[in-house]
Amino acid sequence: MTSGTLETRLRDLGFPTHRGRTSAIRPLVLQAPAPVVARMLGYNDDYTTRLAEAAGGTWKRYAPGDHAR
């Protein structure tokens, strides 16, 4: 069973899949940069960035790379 099939079945049974997904992603974007979470889960960067901003995430000014120099 694919995730799409499972989502369709749950939705047909009356479960709100979108809100549950958003609630599950929100803690992740508070712990890691939104683009990293997006690529890890196959989501759009814009979607996870909006979730991070709504959740009060502080990764907006994160500069990836080696800062040990």
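Only a predicted model underlies this, so the values are computations on that prediction, with no experimental measurement involved.

Colleague: Sorry, what's going on with the side chain of Thr22 here?
Modeller: Relative to the helices and strands, Thr22 is located in helix 2 (residues 17-31). At 3.0 Å, the side chain of Thr22 and the side chain of Tyr47 are in polar contact. Those residues in contact with Thr22 that lie beyond four places of it in its chain are Tyr47 and Leu51.

Colleague: Could you clarify how one ought to interpret the confidence of the model for the protein chain in this entry?
Modeller: For the protein chain, the average pLDDT comes to 80, and 83% of its residues sit at 70 or higher. Taken element by element, the predicted model of the protein chain shows its lowest mean pLDDT in helix 2 (81) and its highest in helix 3 (residues 34-41) (87).

Colleague: What am I meant to see in the packing of aromatic side chains here?
Modeller: To describe a pair of aromatic rings, you give the distance between the ring centres and the angle between the ring planes. Under the defined criterion, the tally for this structure stands at one aromatic pair. Measuring from centroid to centroid gives 5.6 Å for Tyr43 and Tyr47, while their planes differ by 35°, and the two rings are tilted.

Colleague: What should I look at first to understand the nonpolar core in this one?
Modeller: The tendency in soluble globular proteins is for nonpolar side chains to be buried as a group. Ranked by size, the top nonpolar core spans seven residues in total: Ile25, Val29, Ala34, Val37, Tyr47, Leu51 and Ala52. Looking at this core, the elements with two or more residues in it are helix 2, helix 3 and helix 4 (45-54). With three residues, helix 4 is the single largest residue contributor to this core. Every residue in contact with Ala52, bar those within four places of it in the chain, is listed here: Val29, Ala34 and Gly57.

About the cut-offs
Counting restarts for each chain: residues are numbered from 1 in the order of the written sequence. Side-chain atom pairs in this predicted model are given and counted only at pLDDT of 80 or more, local residue features only at pLDDT of at least 70, and totals for whole chains, interfaces and linings cover all residues. Only hydrogens and water are removed before side-chain values are computed, so all heavy atoms of the structure are retained for them. Think of it this way: any DSSP run of H or I at least four residues long counts as a helix, any run of E at least two long counts as a strand, and we number them from the N terminus. Polar contact is the term for a pair of N or O atoms within 3.5 Å; when the atoms are in protein, one must be able to donate a hydrogen and the other to accept it, and sequence-neighboring residues count only if both atoms are side-chain atoms. We call two residues in contact when some of their heavy atoms are within 4.5 Å. pLDDT expresses how confident the predictor is about each individual residue, on a scale running from 0 to 100. For Phe, Tyr and Trp, rings pair up if their centres lie within 6.5 Å, where Trp contributes its six-membered ring, and each pair is then called stacked (planes under 30 degrees apart), edge-to-face (over 60) or tilted (otherwise). The term nonpolar core refers to a set of buried residues drawn from Ala, Val, Leu, Ile, Met, Phe, Trp, Tyr and Cys, joined through side-chain atoms within 4.5 Å. When a residue's accessible area, from a 1.4 Å probe over protein chains only, is under 20% of the maximum for its type it is buried; when over 50% it is exposed; and in between it is partly exposed.

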